[in-house]
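# A look at the structure
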Protein chains: 2
Amino acid sequence: MALRHAVLAALLDGEYSGYQLAKAFDVSLSNFWYAVPQQLYAELAKLEREGLIAGRQVIQRDRPNKRLFTVTDAGLAELAAFAATPSKPSSIREDLLVMVQAVDRLDPAPVIAQLEERAVTAAAKVEIFDRMLQRLRGELDEETFLREGDRIGPYLTCLRGRRFEQENREWCEQVAALLRARAPLPS
Amino acid sequence: MALRHAVLAALLDGEYSGYQLAKAFDVSLSNFWYAVPQQLYAELAKLEREGLIAGRQVIQRDRPNKRLFTVTDAGLAELAAFAATPSKPSSIREDLLVMVQAVDRLDPAPVIAQLEERAVTAAAKVEIFDRMLQRLRGELDEETFLREGDRIGPYLTCLRGRRFEQENREWCEQVAALLRARAPLPS
DNA sequence: TAGGAATAGTCATATCACTGACTATGCAGC
DNA sequence: GCTGCATAGTCAGTGATATGACTATTCCTA
């Protein structure tokens, strides 16, 4: 009961093919869920069997045909039921945190390297989020959009993703600098 | 290859029984990993078979006997190897985010309720982290401890957990207030 | 003196998430 | 004419994670 609802929520934005969804789950939606294409195709097939989404074939001349999916009323009801059931809190679950937990019993060098690398990718993600936020709110400034815009859901989750990556970046930088200072390295 | 290293990292702090570990993974360590007891017992058995940890029986009079585990040299080597392999970035993966993504197509009331509830539990977690941080650094102030303390790993991961929950709380409160303002509710 | 919580641990099963390998078409560039 | 890339999707398998139901013992409380 997890990827399932993420897919339904993603399909609220319009018709998508499995392939397009896979792209979205690889970049934009990855602010709250990640999945590889195979998972999505499998999940889409299941959702269609259960009548929560409906697919329609689109014939294309210049490229392979595709199937576009939309959420049905039953799918919307499923989402509503999901929203009404209490959700369990989630923790961070990051390999890097495990490494840092153990760092003072290990050679810190590879951990530092990974922290610095992650800081860079986190910064890049922040920029991606910023661009996505700008695109979502269009002409409006944030405050107005949040007060009056119609489809603020993705914007709000984007905001969370941005904050998360920003925090991630700051933490990685701080920890990397600290470990470097404690165990001075040639590189 | 995930819980595995989290368990090894946790055992660096000293000898633990499966039961004690389960407690830790339910509260303190849950800042970077969560697991139910059954998973831990299974993982401990596997780690012992592979010689990465060593267990010793402790006979107790007033309560059931237990087995305490420590990390072996092989286990430390395994951790070092883990720290040296690139870690994949993780996303947030939270049901609440999925709900918020879909919120403008659903009844916002249950989502708002959950956001407010989560804000409270996040605040509680922040306090737990604060107490844990204080305990870990003892007499020292944070800066001194981070510069000179010996076993800063858990402190650093705690800091990340604290930041995460703080962000979580702020986001939940902000979004709940916003949704309330947009769709005024009696309750 | 029965019941519940805390300690300590096990077994079996289900579901999730992910990996890797694979098919097929068309377009652009060398 | 070949290679690589983007589009579009499938299959088979595995390891990781979670659920539910159990067994024991002791201490504390009502």
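Summary of the structure given here. (Residues numbered from 1 in each chain as written. Chains lettered and ligands numbered in written order. Predicted model: local features only at pLDDT ≥ 70, side-chain atom pairs only at ≥ 80, totals over all residues.)

Quick look at the sheet that holds strand β1 (residues 16-17) of chain A now. Strand pairs in the sheet, formed through backbone hydrogen bonds, run parallel or antiparallel to each other. Residues and elements named next belong to chain A. Strand order in this open sheet of three strands is β1-β3-β2, and the pairing throughout is antiparallel. Here the strands that pair on one side only, and so sit at the sheet edges, are β1 and β2 (53-58). Sheet analysis places β1 next to strand β3 (residues 66-71), joined by two bridges and oriented antiparallel. The residue of β3 that forms the bridge with Ser 17 is Leu 68. (Pairing = 2+ DSSP bridges. Helix = DSSP H or I, 4+ residues; strand = E, 2+ residues; numbered from the N terminus.)

Mapped onto the fold, B:Gly161 is located in helix α8 (residues 153-182). Spatially, the C-alpha atoms of B:Gly161 and B:Pro89 are 16 Å apart, while their sequence positions differ by 72 residues.

Each copy of the sequence occupies a distinct position, and chain A is placed on chain B by a rotation of 180 degrees and an axial shift of 0.0 Å, giving an RMSD of 0.1 Å. Interpreted geometrically, this transformation is the action of a two-fold axis. For chain A, the minimum C-alpha distance to the rotation axis belongs to A:Ile92 and amounts to 3.3 Å. Mapped onto chain B, 100% of the interface residues of chain A are again interface residues, and the two copies thus contact each other with one and the same surface. (Least-squares fit on C-alpha atoms with pLDDT ≥ 70 in both. Contact = placed C-beta atoms within 7 Å.)

Turning our attention to the protein's contact with DNA strand D. In the vicinity of DNA strand D lie 23 residues, with A:Ser17, A:Lys66, B:Ala2, B:Leu3 and B:Asp62 positioned nearest. Those elements that place two or more of their residues in the surface near DNA strand D are α2 (18-26), α3 (37-49) and β3 of chain A together with α3 (37-49) of chain B. Split by residue class, the surface near DNA strand D holds 11 nonpolar, seven polar and five charged. (Near = placed C-beta within 6 Å. Nonpolar A, V, L, I, M, F, W, Y, C, P; charged D, E, K, R; others polar.)

It is worth spelling out the interface of chain A and chain B at this point. Contacts between the two partners involve 57 residues from chain A, matched on the other side by 57 residues from chain B. For the side of chain A that touches chain B, the secondary structure elements donating two or more residues are α1 (3-11), α4 (73-84), α5 (95-102), α6 (108-137) and α8 (153-182) of chain A. Considered class by class, the residues forming the side of chain A that touches chain B number 33 nonpolar, 11 polar and 13 charged.

What follows concerns the protein's contact with DNA strand C. Close to DNA strand C lie 23 residues; A:Leu3, B:Ser17, B:Gly18, B:Gln38 and B:Lys66 are nearest. Elements with a contribution of two residues or more to the surface near DNA strand C: α3 of chain A together with α2 (18-26), α3 and β3 (66-71) of chain B. The residue makeup of the surface near DNA strand C, split by class, is 11 nonpolar, seven polar and five charged.

A word on the packing of α1(A) against α4(A). When two helices pack together, their arrangement is captured by the angle between the axes and the distance separating the axes. Residue and element names in this part refer to chain A. At a closest axis distance of 10 Å, the pairing of α1 and α4 adopts a crossing angle of 125 degrees. It follows from the interaxial angle that α1 and α4 lie oblique. The crossing of α1 and α4 is left-handed. Across the interface between the two elements, His 5, Leu 8 and Ala 9 of α1 pack against Gly 75, Glu 78, Leu 79 and Phe 82 of α4. Taken together, the residues of the contact of α1 with α4 break down into four nonpolar, two polar and one charged. (Axes fitted to C-alpha atoms, helices over the stretch in contact; angles between N-to-C directions. Parallel < 35°, antiparallel > 145°, perpendicular 65-115°, else oblique. Left-handed = near helix turned anticlockwise from the far one by under 90°.)

This part takes up the pairing of β3(B). Pairing analysis gives six bridges linking strand β2 (residues 53-58) of chain B to β3(B), with the strands arranged antiparallel. Within β3(B), the residue paired with B:Ile53 across the bridge is B:Val71.

Running from N to C, α8(A) and α8(B) cross one another at 160 degrees; their axes reach a closest spacing of 10 Å. In terms of orientation, α8(A) and α8(B) fall into the roughly antiparallel class. Taken as a pair, α8(A) and α8(B) cross one another with a handedness that is right-handed. For the pair α8(A) and α8(B), the contacting residues are A:Leu156, A:Leu159, A:Arg160, A:Arg163, A:Phe164, A:Glu167, A:Trp171 and A:Val175 in the first and B:Leu156, B:Leu159, B:Arg160, B:Arg163, B:Phe164, B:Glu167, B:Trp171 and B:Val175 in the second. Of the residues contributing to the contact of α8(A) with α8(B), the split by class is 10 nonpolar, no polar and six charged.

On to the sheet that holds strand β1 (residues 16-17) of chain B, then. Residues and elements named next belong to chain B. Spatial strand order, β1-β3-β2: three strands in an open sheet with antiparallel pairing. The two strands at the open ends of the sheet, each matched to only one other strand, are β1 and β2. Along the sheet face, helix α1 (residues 3-11) touches β1, β2 and β3 and points at about 95 degrees away from the line of β3.

Our focus in this paragraph is the environment of B:Glu170. Secondary-structure assignment places B:Glu170 in helix α8. Each C-alpha atom, one on B:Glu170 and one on B:Ala122, is 9.1 Å from the other, the two residues being 48 residues apart in sequence.

Turning to unusual backbone geometry, a few remarks are in order. Residues and elements named next belong to chain A. Its identity is not glycine, yet Arg 151 carries a phi of approximately 125 degrees, on the positive side. Position of Arg 151 among the secondary structure elements: in the loop between α7 (142-148) and α8. Overall, Arg 151 belongs to the partly exposed group, with 13 C-beta atoms counted inside 10 Å. (Buried ≥ 20, exposed ≤ 12 C-beta atoms within 10 Å, placed from the backbone.)

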